Amino acid sequence: MWENTFLWLSADNGGDNPVGLASNYPLLGRKCLSWEGGTRTFAFLSGGLIPAAKRGTVNNQLMHVSDW
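Described below are features of the structure shown in this document. Everything numeric in this text was worked out from a predicted model, so none of it was measured.

### Notes on the overall build of the protein chain
- From N to C terminus, the protein chain includes one helix and two strands.
- Seen in sequence order, the protein chain has helices and strands lined up from the N terminus as β-α-β.
- Compactness check: the protein chain gives a C-alpha radius of gyration of 15 Å against a globular reference of 11 Å for 68 residues, more than 25% above the reference.
- Principal-axis analysis of the C-alpha atoms gives the protein chain an extent of 45 × 20 × 20 Å.
- Taken across its 68 residues, the protein chain has 12% of its residues classed as buried.
- For the protein chain, restricting intrachain contacts to residue pairs at least 6 apart in sequence, the fraction spanning at least 24 positions comes to 50%.
- For the protein chain, the accessible area works out to roughly 6000 Å², and carbon and sulfur atoms hold 58% of it.
- The average position of the 5 basic charges and that of the 5 acidic charges among the side chains of the protein chain differ by 4 Å.

### Remarks on the environment of L62
- Within the secondary structure, L62 sits in the segment after β2 (43-46).
- The exposed category is assigned to L62, whose relative accessible area is 82%.
- Considering only alpha carbons, one finds L62 and R40, 22 residues apart in sequence, at a separation of 9.0 Å.

### Thoughts on a nonpolar patch on the surface
- Taken together, the side chains of W2, L7, L9 and F44 define a hydrophobic patch exposed on the protein surface, amounting to about 390 Å² of accessible area.
- Along the polypeptide, L7 turns up in strand β1 (residues 7-10).

### Focus on the environment of A43
- Here A43 shows up in strand β2.
- Along the sequence, A43 and D12 sit 31 residues apart, while their C-alpha atoms lie 9.8 Å from each other.
- With residues near it in sequence (within four places) discarded, A43 still touches W8, L9 and S10.

Each value, and the rule that gives it
The numbers attached to residues start from 1 for each chain and follow its sequence in the written order. Local features in this predicted model are restricted to residues whose pLDDT is 70 or higher, and side-chain atom pairs enter the listing and the counts only when it is 80 or higher, whereas totals over whole chains, interfaces and linings include all residues. The side-chain values count all of the structure's non-hydrogen atoms but skip hydrogen atoms and water molecules. Under the DSSP-based scheme used, a helix requires at least four consecutive residues in state H or I and a strand at least two consecutive residues in state E, with every element numbered from the N terminus. All radius of gyration figures rest on C-alpha atoms, and the globule criterion is 2.2 Å times the number of residues raised to 0.38. Burial classes: relative accessible area under 20% of the type maximum marks a residue as buried, over 50% as exposed, and values in between as partly exposed (1.4 Å probe, protein chains only). Every residue pair with non-hydrogen atoms within 4.5 Å of one another is taken to be in contact. Note on areas: Shrake-Rupley, 1.4 Å probe, and residue coverage restricted to the protein chains presented here. Counted as positive: Lys and Arg. Counted as negative: Asp and Glu. His and the chain ends are not counted at all. Working definition for charges: the position is that of NZ of Lys, CZ of Arg, CG of Asp or CD of Glu. Put simply, a patch holds well-exposed residues, over 30% relative accessible area, that have no salt bridge, with like charges counted together within 9 Å and Val, Leu, Ile, Met, Phe, Trp or Tyr side chains within 5 Å. Put simply, a salt bridge is a Lys or Arg side-chain nitrogen that is within 4 Å of an Asp or Glu carboxyl oxygen.

The values reported here are purely geometric and, on their own, carry no functional implication.
Written as structure tokens, this is what we have:
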């Protein structure tokens, strides 16, 4: 089954930090703001459908939810 799987994990957006409950350090800003701390997040891809040439690589390109 793993050979036919595409696993995608990602966060929704930056932490909400009005009273210090979350930290987006070293990025500036929080949820609902246009600073990187409110918009930048991580994603993790895995599974057998990832081409062999791309496995174990890192991509730092920008992406929007509409891209996937």
